[in-house]
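# A structural walkthrough
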Amino acid sequence: MNKISEKITNYRWVICAMLFFATTVNYLDRQVLSLTWDEFIKPEFHWNEAHYGTITSVFSIVYAICMLFAGRFVEWLGTKKGFLWAIGVWSVGACLHAVCGIVTEAWVGMHSAAELASATGDVAVLVATVSMYCFLVARCVLALGEAGNFPAAIKATAEYFPKKDRAYATSIFNAGASIGALFAPLSIPPLAKMFGWEMAFIIIGAFGFAWMGFWVFLYDKPAQNKRVNAAELEYIEQDKSEQAVGAAPKQAVEQEKKLPFLKCFAFKQTWAFAVGKFMTDGVWWFFLFWTPSYLSTQFGIKTSEGLGMALIFTLYAIVTVLSILGGKLPTVFINRSGQNPYAARMKAMLIFAFFPLFVLLAQPLGMNFAALGRNAAWIPVLLISIGCAAHQAWSANLFSTVGDMFPKGAIATVTGIGGMAGGIGSMILQKGAGNLFVHAGETNMTFLGFEGKPAGYFIIFIICAVAYLIGWVVMKALVPKYKLVTEDMQ
């Protein structure tokens, strides 16, 4: 490297902070429905778990389909414009939820929420159906925009950080998901209780428009950004410098060249990333979407009361702290053993894959401490928080494997492909969970000592607990060792 006399700037961390706030807003917008449906929306529109499961599963599959193209869209427009479009669309979608009640009233010929809530018989079924489709439209717009967040964020990370720092930077901005989920129970239920659930969607949705104003002025590529000095630029581009030593000119060019969209599917590296996302994304989304309902169903705890807010807040506080620490683990392995980034990440991910097994104990221990009453909910929440923290650490490293193995011109595209796989996995889990819970409640199903809906939750918890180990084994089988993707690979 050349010697630079000036002190290095740290503007890359400003960009990382912007990615963090975007992800925070992303998950706040996503959480409004899960924190309001059971207490506020369900009674008004006569929903059950099947209605909610349909909405969350359709959101997942639309998100999945959009993720497939979102990466290519970001590659085409560039990180700056692509991110602006993504957050603008999802903010509109978030606010659209607020008009679902008005549209339902107009469609069924009623004039207030009280009339909707008092409907009976076939009219109640009509209200539930019409309102569900209204929310589906809003969720589809939300999914369309939110699909662009991670492809754009991963691309920005690859532009502003060398490979050795990417997992840590990714874990920081990915912690925005936990922070969003952390502050959601402290803000959304009180907003819904004070101003109505509609205003909760509007107020939270408006945050995205504020973020856009900052992004316009703060983001440019490192080489074009006046806030990045020569020393920082050299640090950011250190991988390029290292590859240039002893590398053929063709290889250096390929690092920036875009890969054809369909050709991305020809690489085992793409499928390894997709399998990792398919197996595990649905687990995170399940706990994100269903934990408030789980607390209400099994312990009678509402999200608008102090205990409910404390439980959800504690869950995601633990997730936030532990997930950031987990993102640092591969860097420790690299510094101590000199392993390549991919090998270090896979080693870290194997460790993280064992922690979701704690979720297996959530239901049994929660039942054994039933004498504590509603306070017994702390036990499963703490165990679930360990599993969720492991997911976020796993996810940060999984995202970073794309930057390790693919040229920058393909990172957003491959991230989108993996996001599609994750969305499909989530759709299957969300829809299956909703139908299972309704079936378990109606038939009083039994499973390993649990009856009714608690039995259904235990089945889903088992699936969530083992998903990471299965995902890791398949990934390792597909890509046992680090191998950089180039366009001439077959």
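In this report, we go over the structure that sits alongside the text. (Residues numbered from 1 in each chain as written. Predicted model: local features only at pLDDT ≥ 70, side-chain atom pairs only at ≥ 80, totals over all residues. Heavy atoms only, no water.)

## Quick notes on helix H8 (residues 163-195)
In plain terms, the rule: To qualify as a helix, a DSSP run of H or I must reach at least 4 residues; to qualify as a strand, a run of E must reach at least 2; elements of each kind are numbered from the N terminus. In a helix, the anticipated span is given by 1.5 Å times the number of residues less one. Bend at a residue means the angle formed by two fitted axes: the first through the 7 residues ending at that position, the second through the 7 residues beginning there.
The terminal C-alpha atoms of H8, which comprises 33 residues, lie 46 Å apart, in line with the 48 Å expected from a rise of 1.5 Å per residue. Residue Ala184 marks the point of greatest curvature in H8, where the axis turns by about 45°; the proline Pro185 follows within four residues. Taken from the residues just after H8, Gly196 is the one with a positive phi, measuring 100°.

## Topic: the nonpolar core
Put simply, the test is: Residues belong to a common nonpolar core when they are buried Ala, Val, Leu, Ile, Met, Phe, Trp, Tyr or Cys residues joined through side-chain atoms within 4.5 Å. Whether a residue is buried, partly exposed or exposed follows from its accessible area with a 1.4 Å probe, protein chains only, as a fraction of its type maximum: under 20%, in between, or over 50%, in that order. In what follows, residue pairs with any heavy atoms lying within 4.5 Å of each other are defined as contacts.
Core analysis: the biggest nonpolar cluster contains 155 residues, and Trp47, Phe135 and Phe286 have the highest contact counts within it. It is helix H1 (residues 11-45) that provides the largest number of residues to this core, a total of 17 residues. Apart from residues no more than four positions distant in its own chain, Phe135 is found in contact with Leu33, Ile41, Phe45, Trp47, Ile55, His97, Cys100, Trp197 and Phe201.

## A closer look at the side chain of Thr413
Mapped onto the fold, Thr413 is located in helix H18 (residues 408-443). Among residues more than four places away in sequence, those in contact with Thr413 are Gly71, Arg72, Glu75, Phe261 and Cys264.

## Details of the packing of H1 against helix H6 (residues 121-146)
Condition: Interaxial angle, 0 to 180 degrees, is taken between N-to-C directions of lines fitted to C-alpha atoms, where a helix line uses only the stretch in contact. Our angle categories are set so that under 35 degrees counts as roughly parallel, over 145 as roughly antiparallel, 65 to 115 as roughly perpendicular, and the remainder as oblique. Put simply, Ala, Val, Leu, Ile, Met, Phe, Trp, Tyr, Cys and Pro go in the nonpolar bin, Asp, Glu, Lys and Arg in the charged bin, and everything else, Gly too, in the polar bin.
One way to put it is that H1 packs onto H6 with a least axis distance of 12 Å and a crossing angle of 175°. One element, H1, and the other, H6, form an angle in the roughly antiparallel class. Contact residues: Asn26, Asp29, Arg30, Leu33, Ile41, Glu44 and Phe45 in H1; Ala124, Val127, Ala128, Ser131, Phe135, Arg139, Leu142 and Glu146 in H6. The residue inventory of the contact of H1 with H6, partitioned by class, reads eight nonpolar, two polar and five charged.

## Structural notes on the packing of H18 against helix H19 (residues 453-478)
For clarity, the threshold we go by: Handedness of a helix crossing follows the sense of rotation of the near helix relative to the far helix, less than a right angle counterclockwise being left-handed and clockwise being right-handed.
One way to put it is that H18 packs onto H19 with a least axis distance of 7 Å and a crossing angle of 155°. Between H18 and H19, the angle falls in the class roughly antiparallel. The interaxial crossing formed by H18 with H19 has right-handed handedness. For the pair formed by H18 and H19, the contact residues are Leu429, Ala433, Leu436, Phe437, Ala440 and Gly441 on the first element and Lys453, Gly456, Tyr457, Ile459, Ile460, Ile463 and Cys464 on the second. Across the contact of H18 with H19, the residue classes tally to 10 nonpolar, two polar and one charged.

## Thoughts on the pattern of salt bridges
The condition is simple: Any carboxyl oxygen of Asp or Glu that lies within 4 Å of a side-chain nitrogen of Lys or Arg is treated as forming a salt bridge with it.
Tallied over the entire structure, the rule returns eight salt bridges. Between Lys42 and Asp38 there is a salt bridge whose closest N-O contact spans 3.7 Å. Of this pair, Lys42 and Asp38 both sit in helix H1, four residues apart, which is roughly one turn of the helix.

## Digging into the packing of aromatic side chains
So the rule is basically this: The criterion for an aromatic pair is that two Phe, Tyr or Trp rings (for Trp, the six-membered ring) have centres within 6.5 Å, with stacked assigned to planes under 30 degrees apart, edge-to-face to planes over 60 apart and tilted to the rest.
Considering all chains together, one arrives at 44 aromatic pairs under this definition. Residues Trp290 and Phe437 carry aromatic rings whose centres are separated by 5.2 Å and whose planes lie at 75° to one another, so their mutual orientation is edge-to-face. One end of the pair, Trp290, is in helix H13 (residues 268-299); the other, Phe437, is in helix H18, and 147 residues separate them in sequence. The same class applies to Trp290 as to Phe437, namely buried.

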